[in-house]
Amino acid sequence: VQLVESGGELVQPGGSLRLSCAASGFTFSSYAMTWYRQAPGKERELVAGITSVGDSTNYADSVKGRFTVSRDNVKNTVYLQMNSLKPEDTAVYYCNVQVQLYNYWGQGTQVTVSS
């Protein structure tokens, strides 16, 4: 299993970013996918999740209405569209999949929201 995140960068408050997570090594369309983030000095927290076929999503209260998770089961990629970014969204963002009771993580992508 391999997960590779991309798309993180420095952005001003109020800006937007789209993160991508390219997956390989498993049957992508059969598994739910999840985005987490970890800010400096804080624990890793769940940001958003999406079912295997994309028919249901869930979000942390702190990002509801601003972030949208989606997936492309042909491209084996999950996305996180982030709008109205705030400084408190600054963190390393990771995608995650649980395959056969084992959690797999990508290397993360840094998102910094600052003026």
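Quick notes on the rules
- What you see as residue numbers is a count from 1 along each chain, following the sequence as written.
- Local features in a predicted model are, by the rule used here, given only for residues with pLDDT of at least 70; side-chain atom pairs are given and counted only at 80 or more, and totals for whole chains, interfaces and linings are based on all residues.
- Note: side-chain values were computed over all heavy atoms of the structure, leaving out hydrogens and water.
- A pairing counts as a salt bridge when a side-chain nitrogen of Lys or Arg comes within 4 Å of a carboxyl oxygen of Asp or Glu.
- Each helix is a run of H or I in the DSSP string that is no shorter than four residues. Each strand is a run of E no shorter than two, and both are numbered from the N terminus.
- Only protein chains enter the accessibility calculation, which uses a 1.4 Å probe; a residue whose area is less than 20% of its type maximum is buried, one above 50% is exposed, and one in between is partly exposed.
- Within 3.5 Å is the distance limit for a polar contact, defined as a pair of N or O atoms, with the added protein rule that one can donate a hydrogen and the other accept it, and that residues adjacent in sequence qualify only through two side-chain atoms.
- The criterion used for residue contact is that any of the two residues' heavy atoms lie within 4.5 Å.
- To count as a disulfide, a pair of cysteine sulfur atoms needs to be within 2.5 Å.
- Residues enter a nonpolar core if they are buried and are Ala, Val, Leu, Ile, Met, Phe, Trp, Tyr or Cys, with the set joined through side-chain atoms within 4.5 Å.

Draft legend 1. Layout of the pattern of salt bridges. Enumeration according to the criterion identifies 4 salt bridges in this entry. A salt bridge links Arg37 to Asp89, with the nearest nitrogen and oxygen atoms 2.9 Å apart. On the criterion of sequence distance, the pair formed by Arg37 in strand S4 (residues 33-38) and Asp89 in the loop between strand S8 (77-82) and strand S9 (91-99) is long-range, its members being 52 residues apart. Overall, the relative accessible area of 6% leaves Arg37 in the buried class. Note on Asp89: relative accessible area 0%, which makes it buried. The partner of Asp61 in a salt bridge is Lys64, with the nearest N and O atoms 3.2 Å apart.

Draft legend 2. Focus on the side chain of Thr77. With respect to the helices, strands and loops of the structure, Thr77 is situated in strand S8. Only 2.9 Å separates the side chain of Thr77 from the backbone oxygen of Lys75, close enough to count as a polar contact. If sequence neighbours within four positions are ignored, Thr77 has contacts with Ser20, Cys21, Ala22, Phe28, Arg71 and Asp72.

Draft legend 3. Quick peek at the state of the cysteines. Across all of its chains, the model carries 1 disulfide by this definition. The side chain of Cys21 participates in a disulfide bridge whose partner is Cys95; the two sulfur atoms lie 1.9 Å from each other. Taking the sign of the S-S torsion, about 45° here, the bridge from Cys21 to Cys95 comes out right-handed. Within this pair, whereas Cys21 is found in strand S3 (residues 17-24), its partner Cys95 is found in strand S9, the two being separated by 74 residues in sequence. Here Cys21 and Cys95 have matching classes, each one buried.

Draft legend 4. Layout of the nonpolar core. In this structure, Trp35, Leu80, Met82 and Tyr93 are the most contacted members of the largest nonpolar core, which totals 29 residues. Tyr93 has contacts with Glu5, Leu19, Trp35, Tyr36, Arg37, Val47, Phe67, Leu80, Met82, Gly108, Thr109 and Val111, leaving out every residue within four places of it along the chain.

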